[in-house]
Amino acid sequence: MRYKIGILVLLSSILSSCATKKITDVSYLVASKENTIEEPKLNVFIPRNSKAKSLPVLIFVHGGYWNSGSKGTYDLLGRNFARKDVVTVIPDYTLSPNTDYDGMTKQIAAVIQWTKDSISKYKGNPNQVFVTGHSAGGHLAALAVMNPKYGIKPSGISGIILNDAAGLDMKHYLEENPPTAEHDYLTTWGSSPAKWQDASPIYFLDKNTPPFLIYVGDKTYTSIKVTNKRFIDALYPFQPEVTAVILNKKHVPMITQYFWPYNNRFNEVIDFMKSQQK
């Protein structure tokens with residue numbers, strides 16, 4: 001059975017590669033001579049044979065405790081969305097302990113701004129930009145849009161898709177679980193409750209917040225269930241129609257399901273994107 005699944009995944013990968021084009025390692029930051037850390041870059045996935053002149057855009061931010069992960073792991077996700085006529089942007093960003101949540105979020109905001117400015121070169125529609133992320137990536141995607149200090153206008157983002165997102169209320173979590181050196185959390189979050197609140201998307205919800213589609217795994221970590229419940233409860237006054245889409249999965253399978261091109265999530269996400277077209 002595993003052999004057959006492996007063959008199917010391989011065939012799927014080959015088909016996706018034929019149907020899509022990957023533009024690799026595009027710079028999205030202004031180079032700095034003072035920066036000793038290698039500047040992160042992004043990949044763009046576009047359909048090869050789409051007849052549409054302008055396509056919706058999805059920015060995917062990977063997770064990994066804010067201290068691990070790489071854009072290259074998610075090529076299949078990018079190609080599978082591109083096969084369905086969604087231009088997909090997948091960035092790397094500087095990880096802890098080389099920066100904190102604020103530095104990471106500034107970079108994700110730069111990705112969003114680059115996308116708004118440049119995605120038309122890749123057949124993407126800058127007026128139909130959606131952001132999504134898994135785990136820590138869900139936190140960074142939401143925070144970059146919602147905290148006004150990062151300079152992204154919520155009205156310029158068509159929607160936010162959270163996939164088993166962590167960190168939506170870091171203040172609440174860290175007050176109960178003070179950060180330590182484990183997972184580089186002390187570096188990532190610091191020790192100030194004011195910073196924890198600044199890092200928490202839940203405190204920036206208002207009537208201008210973009211529409212949400214929220215997925216949560218039924219078998220995921222308790223902390224993720226709690227933070228999503230708190231977030232949805234706080235979102236309710238502004239978007240009363242939003243509820244969590246609960247899937248019978250653990251945390252990692254919530255993202256690896258997108259490596260399979262026939263997963264129902266693709267149609268759900270694309271239907272959500274179509275529903276937000278103005």
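Computed from a prediction, not measured in an experiment: that's the story for all the values here. (Residues numbered from 1 in each chain as written. Predicted model: local features only at pLDDT ≥ 70, side-chain atom pairs only at ≥ 80, totals over all residues. Heavy atoms only, no water.)

Caption draft 1: Spatial organisation of the sheet that holds strand 6 (residues 159-163). With mixed pairing, the eight strands of this open sheet are ordered in space as 1-2-4-3-5-6-7-8. Strands at the two margins of the open sheet, each flanked by one partner only, are strand 1 (20-27) and strand 8 (244-247). Between one strand axis and the next, the sheet turns through 20° on average, direction left out of account. Of the strand pairs in this sheet, strand 3 (residues 55-61) and strand 5 (residues 124-134) are connected by six bridges, and their pairing is parallel. (Pairing = 2+ DSSP bridges. Helix = DSSP H or I, 4+ residues; strand = E, 2+ residues; numbered from the N terminus. Axes fitted to C-alpha atoms, helices over the stretch in contact; angles between N-to-C directions.)

Caption draft 2: Local environment of the nonpolar core. Residues Val-44 and Phe-231 are the most contacted members of the largest nonpolar core, which totals 60 residues. Not counting the four nearest positions on each side in its chain, Phe-231 is found in contact with Met-146, Leu-162, Leu-168, Pro-201, Ile-202, Leu-205, Phe-212 and Ile-214. Grouped together as the second largest cluster of nonpolar side chains are 24 residues, Leu-76, Phe-81, Tyr-258 and Ile-270 included. (Core = buried A, V, L, I, M, F, W, Y, C linked by side-chain atoms within 4.5 Å. Buried < 20%, exposed > 50% of the residue type's maximum accessible area, 1.4 Å probe, protein only. Contact = heavy atoms within 4.5 Å.)

Caption draft 3: Local environment of the environment of Ala-109. Looking at the secondary structure, you find Ala-109 in helix 3 (residues 101-118). On the accessibility criterion, Ala-109 (5% relative accessible area) is buried. Residue contacts for Ala-109: discarding those within four places in its chain leaves Ala-144, Tyr-150 and Ile-152.

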